[in-house]
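# Structural description and commentary
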Amino acid sequence: MTVGQFAAVFERARAAGRKPPDLPPQPVLTPWQAIAWRCFHEVHSCRPYSLDGPQAIPWDKVCLWASRWDMSQDEEDELIELVTAIDDEWLKHVAKQREAKVGK
């Protein structure tokens, strides 16, 4: 559910005199997951785009980010794996949204 959809639900509940529903819980990340999430967000702007839409974040951008934070080779390898997994899910989400728009 998007922020806008939550806002609409809250507004309807308030207008009807009901308590708005609770927000879903925020995920609890391990420190290492939080680092990967931050890296994903910071290198997200480096992703190439084509006529087919966004492409995968180049792994060399993740390597550059890792070297900036003086990570070991093992840490860098794990970071690449985690950021690639996050990016794969993001790309699937974007593709699904794009298909829904094309289908309309």
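Described below are features of the structure shown in this document.

Quick notes on the rules
Residues numbered from 1 in each chain as written. Predicted model: local features only at pLDDT ≥ 70, side-chain atom pairs only at ≥ 80, totals over all residues. Heavy atoms only, no water. Helix = DSSP H or I, 4+ residues; strand = E, 2+ residues; numbered from the N terminus. Rg over C-alpha atoms; globule rule 2.2 N^0.38 Å. Axes fitted to C-alpha atoms, helices over the stretch in contact; angles between N-to-C directions. Parallel < 35°, antiparallel > 145°, perpendicular 65-115°, else oblique. Left-handed = near helix turned anticlockwise from the far one by under 90°. Contact = heavy atoms within 4.5 Å. Nonpolar A, V, L, I, M, F, W, Y, C, P; charged D, E, K, R; others polar. Salt bridge = Lys/Arg side-chain N within 4 Å of Asp/Glu carboxyl O. Buried < 20%, exposed > 50% of the residue type's maximum accessible area, 1.4 Å probe, protein only.

### Overview of the overall build of the protein chain
Counting its secondary structure elements, the protein chain contains four helices and two strands. Each helix (α) and strand (β) of the protein chain, taken in turn from the N terminus, gives the series α-α-β-β-α-α. Over its C-alpha trace the protein chain gives a radius of gyration of 18 Å, far above what one expects of a compact globule, namely 13 Å for 104 residues. Principal-axis analysis of the C-alpha atoms places the extent of the protein chain at approximately 55 × 35 × 15 Å.

### Points about unusual backbone geometry
With phi around 55°, Asp70 is a residue other than glycine that occupies positive phi space. Mapped onto the elements of the fold, Asp70 is located in the loop between helix H3 (59-68) and helix H4 (73-103).

### Brief notes about the packing of H3 against H4
Look at H3 against H4: their axes get within 10 Å of each other, and the N-to-C directions meet at 135°. Judged by the inter-axis angle, H3 sits oblique to H4. The two elements H3 and H4 cross, and the hand of that crossing is right-handed. The segment H3 lies against H4, with Trp59, Val62, Cys63, Trp65 and Ala66 engaging Glu76, Leu79, Ile80 and Val83. When the residues that make up the contact of H3 with H4 are grouped by side-chain class, the tally is eight nonpolar, no polar and one charged.

### Topic: the pattern of salt bridges
As a working rule, side chains carrying opposite charge can pair if their charged atoms are close by. Applying the stated criterion to the full structure yields five salt bridges. With a closest N to O distance of 2.8 Å, Arg38 and Glu42 form a salt bridge. In this pair, Arg38 and Glu42 both sit in helix H2 (residues 31-43), four residues apart, roughly one turn of the helix. Take Arg38: its relative accessible area is 43%, and that puts it in the partly exposed class. For Glu42, a relative accessible area of 33% translates into the label partly exposed. In this structure, the salt-bridge partner of Lys92 is Glu89, at a minimum N-O distance of 3.1 Å.

Take it as geometry only, folks, not as evidence of what the structure does.
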